Amino acid sequence: MTLVQVIINGVLLGGVYALFAAGLNMIVGVMRVINLAHGELMMLGAYTTFMLFSLAHVNPLLSIPASAALMLILGMALQRLMVERVVRQPLLSSLLLTFGLSTLFLGVALNVWTGDQRSVSYLSGSLSVGGLQISVVRMVAFAVAVALTGATFLFLRCSTFGKTIRATAQHPDAAQACGIDVTRVRMVTFGIGSALAAAAGSLVSMMFTFNPEIGQAFLPKAFAVIVLGGLGSFVGALLGALVLGVSETVAGYFSSGQRAESVAFVILIVMLMIRPAGLFGTNE
Amino acid sequence: MQVNSPILRVENVSRQFGGVHALAGVTLAVPNGQIVGLIGPNGSGKTTLFNLITGVVRPSSGRLVFRDRDISRLPPHRINLLGIARTFQLTRLFPQMTALENMLVVGREDDRANHARATDLLEFVDLQSARNEYAANLSYGQQKLLEFARLLMVDPSLILLDEPFAGVNPTMARRLQERLETLVEQGKTLLVTDHEMKTMMSICSEIFVLDYGQLIAQGTPATIQSDARVMAAYFGR
Amino acid sequence: MIDPPHAAPSVTEELSAVPESGSGSTAVARLPDNRALRAQQWNTLLPKTYVILLALTVIWIVVFPQVAPLYYVSLALVVLLTVVLGVSWNIISGYTGYISFGHAGFFGIGSYIGALLIAHNLTAWWLAAIVAGVGTALLALPMGALTLRLRGPYFAITMFGLSELARIIVSSWDSLTGGGAGLYLPFLEDRTSNFYAMGILAVVAISVAYLIATSGLGLKLMCIREDEVAAQTLGVNTTWYKIGAFALSAFFPGVAGAVYARQIGYIDPITVFGVIWSIRAVATTMFGGQGTIIGPILGGIVLTLASEWAWAENAFAYQIVFGGLIVLVVLFMPGGVMRLLELRGWIPRTRQL
């Protein structure tokens, strides 16, 4: 495997990271809640696809709307019933709450599915593109991820409700004064963010073997992406995701899988130390 | 340092936050041992100036000199150790600690001395009876008094008071005025900002006027009251 | 726009000057005067009560392993360990309000320092444990100097990141630590000495916590939690106090990790750096009551026994119990059991409890 191939793999991986981080970015931006359970929502999306695939032979790609819809509902319920209650409290309350939820979901998932590694082997093999071997599943995942991320971006930019969400993110009190039901906006945003995480999970289920702990493994990557690209900046997060993806695959190529694992943490820690507002850090 | 030299000199100080110029080229000298006023419409930079003096924020340019010592880049606790203390516009007490604990925690001597001093100061502001009450549960007026007493624990030479008369009834205001005068008699310097014009004009011996981050006038209360620019700043917009 | 993560005040913070208290609690219970008097009565009785309890605990520590079956001794060891984790976490997170999700890192680092010293026969095991604690505390100093500049949630997440990074470093450093394959320690016939060690550690930790909480030092730490900027403008060198508390909070899990390694006889990065140790510290302290002395002790005992019972039914009970508990505490009883008792007037609000 040449370095170029490794880099391309990294870019493709970055697409999925971008989708995963986009959901978290929205939640953090709109309601200032650092959702530590985001990884578990992704994990549940992965298991949804897995269950549909192994029990009902549903095409994993077609299961994405299902897993997204499920997590949309779960996300909205979580927000309305629990997160909303601590929105007015200092940030640490919601942090602890989502930390607890994350642990709880992990425990439940371990109970239901055990810690065994699972996978969804649907797509395999590689395609020859310009002399390079590109993994088919990664290409498809990348395409889907970018499409969904792009669609979300357009939704936020152009649609009425998207603008409502952005207004709430920028200034909740002013938005409320303009007649926006900010409670509903928060609920829907959390739902959409969770749905995006679930979609990312479905894609991940096709790309890697996984068990309930995958959420915990992926969460730091979302944070790394967001601090790299700047809180609230969609384009920044996309670029951050690509940087992370490539850094990981290159690190893995030159040293070991473990060093690759550490890239997200190193980025996260370094960025928080030196440039907490990220590379872009604008409000979008 | 000579007896009559200013205790604090603000030299061409500016502070920007992003694109906003909170303060632009302000130069003033706070005379020693007096009550000095700082007035101006909302947003004129008064609190920013307080933040700069106490080290909570750094100046973008310019210098702050306290008793011939450049304090522009010192951290807040060092500045307090040198002798500057302040209150905040919205009182910043330690809510889950009692009034007495609020006092004790900032004391610098041994336990006994701290306790004695805290008791005396609570007495000074008539808060002895509430000493075991949690700061969060005190009334608005009591909280302001506690914050005021607390800063006296460290025996500062320059005291910055941010709107000490806001929301305070006339009786309490008079008592507060008496206490301020007592402090001046003890040789302290007070820099006060407030919107209570009548009180300000009566207690301050000199007044600085800020508007949009710039110093537009300074002088005695009489001079200020008849200054056209000051009128314009408050009413002319 | 989200407030930037650094602890230095932002424009919005200063211009609005509304302090953000770390524990997220609402108004403090209003105590009528006779209760304030009762509080003072408690304050004179409590130190004597503590001394008695201390003596009883020491007796129990000595006697228990001699009379109880091995299973219960091991369980009691875990209880003591959890109490140590909670009490030490409380020193930084409960008192200063800097909530950390990386406590497991200290446990893991101490574990490896101790295990390496013991495995290579470099020193007596109990000395190895102390060195492990001191070593962890020393490492915590520069860590804290860097991370304690961050505000609330960012500090929490960064500490988690550092804990994971520590795990990865230990795991990669094959030559020293044996990497992912783990480390074996010499076989131990009689494990009672571990129980004594953990017992002494718990007693010391609780005593230190008591001394801090009831002294001026405790007030200084608490005022950091209450309003750090105001404290600074009143001459409190909050950086020093934060870092000091942080290093102290690292000592105890460091020692505990070393004793744990000796007890189990085998450690690997995933086990000793596992996030479950952080979760134990957080959940038990939050349940019992952050910022109190009894809180982490109560939480440690109750939760360890509860999850042990649940584990008998279900292998993955830990996460469900601890996770669910954190959720319940945040939503319905912030401040934990101690706060609940205080609001109902059963106990006075005092730093002695």
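Look a little higher up for the structure.
In short, a report on the structure. These figures come from a predicted structure and were not determined experimentally.

Reading the values: the criteria
- Residues numbered from 1 in each chain as written.
- Chains lettered and ligands numbered in written order.
- Predicted model: local features only at pLDDT ≥ 70, side-chain atom pairs only at ≥ 80, totals over all residues.
- Pairing = 2+ DSSP bridges.
- Helix = DSSP H or I, 4+ residues; strand = E, 2+ residues; numbered from the N terminus.
- Contact = placed C-beta atoms within 7 Å.
- Axes fitted to C-alpha atoms, helices over the stretch in contact; angles between N-to-C directions.
- Parallel < 35°, antiparallel > 145°, perpendicular 65-115°, else oblique.
- Nonpolar A, V, L, I, M, F, W, Y, C, P; charged D, E, K, R; others polar.
- Left-handed = near helix turned anticlockwise from the far one by under 90°.
- Expected span 1.5 Å × (residues − 1).
- Buried ≥ 20, exposed ≤ 12 C-beta atoms within 10 Å, placed from the backbone.
- Right-handed = clockwise from strand over helix to strand, strands pointing away.

Points about the sheet that holds strand E2 (residues 20–30) of chain B
All names here are of chain B.
Stage number 1. The strand order E2-E1-E4-E5 describes an open sheet built from four strands, whose pairing is antiparallel. The open sheet has two free edges, formed respectively by E2 and strand E5 (69–70), since each of these has just one partner strand.
Stage number 2. Bridge analysis of strand E4 (residues 61–66) against E5 gives two bridges, and the strand direction is antiparallel. Bridging across to E5, valine 65 finds its partner in aspartate 70.

Let's talk about the arrangement of the chains
Stage number 1. Counting contacts across all two pairs of chains that touch, the top-ranked interface belongs to chains A and C.
Stage number 2. The two partners chain A and chain B share no contact, and the minimum distance between any of their C-alpha atoms is 12 Å.

Some thoughts on the packing of helix H12 (residues 275–288) of chain C against helix H15 (residues 336–343) of chain C
Residue and element names in this part refer to chain C.
Stage number 1. Remark: H12 packs on H15, axes separated minimally by 2 Å, with the N-to-C direction vectors making an angle of 5°. Accordingly, the angle class assigned to the pair H12 and H15 is roughly parallel. Packed against H12, whose contacting residues are Met286, Phe287 and Gly288, the element H15 presents Gly336, Val337 and Met338 at the interface.
Stage number 2. When its residues are assigned to classes, the contact of H12 with H15 shows four nonpolar, two polar and no charged.

Comments concerning the packing of helix H4 (residues 103–119) of chain C against helix H6 (residues 152–172) of chain C
Residue and element names in this part refer to chain C.
Stage number 1. For the pair H4 and H6, interaxial distance at closest approach is 8 Å and the crossing angle is 25°. The angle between H4 and H6 falls in the class roughly parallel. For H4 against H6, the interelement crossing comes out left-handed. Residues Ala104, Gly105, Gly108, Ile109 and Tyr112 of H4 lie in contact with H6, whose contacting residues are Leu162, Ser163, Ala166, Arg167 and Val170.

Some points on the sheet that holds strand E8 (residues 189–193) of chain B
Residues and elements named next belong to chain B.
Stage number 1. Taken together, six strands build an open sheet; the order of strands is E6-E7-E8-E3-E9-E10 and the sheet is mixed. The strands lining the two open edges of the sheet, one partner per strand, are strand E6 (84–86) and strand E10 (214–219). With strand direction ignored, the average angle separating the axes of adjacent strands in the sheet is 20°.
Stage number 2. Sitting on the sheet, helix H6 (residues 170–185) is in contact with strand E3 (35–39), strand E7 (158–162) and E8, with an inclination near 145° to E8.

Here's the deal with the interface of chain A and chain C
Stage number 1. The interface of chain A with chain C comprises 42 residues on the first partner and 39 residues on the second.
Stage number 2. For the side of chain A that touches chain C, the secondary-structure elements that each account for two or more residues are helix H3 (60–86), helix H4 (91–113), helix H9 (214–229) and helix H11 (257–274) of chain A.
Stage number 3. Of the residues assigned to the side of chain A that touches chain C, the class counts are 27 nonpolar, 11 polar and four charged.

Digging into H6 of chain B
Stage number 1. Compared with the 22 Å implied by 1.5 Å per residue over 16 residues, the 23 Å span of H6 of chain B between its first and last C-alpha is a close match.
Stage number 2. Once H6 of chain B ends, the next one or two residues include glycine 187 of chain B, with phi positive near 95°.

Overview of the pairing of E8 of chain B
All names here are of chain B.
Stage number 1. Of all five residues in E8, five are buried; the element is thus mostly enclosed.
Stage number 2. Residues of E8 alternate between two faces, with Thr189, Leu191 and Thr193 on one and Leu190 and Val192 on the opposite face, all of them buried.
Stage number 3. Where E7 lies against E8, five bridges are found, and the strand directions are parallel. The residue of E8 that forms the bridge with isoleucine 159 is leucine 190.
Stage number 4. In this region the chain leaves E7, passes through H6 and returns to the parallel neighbour E8; the handedness of that crossover is right-handed.

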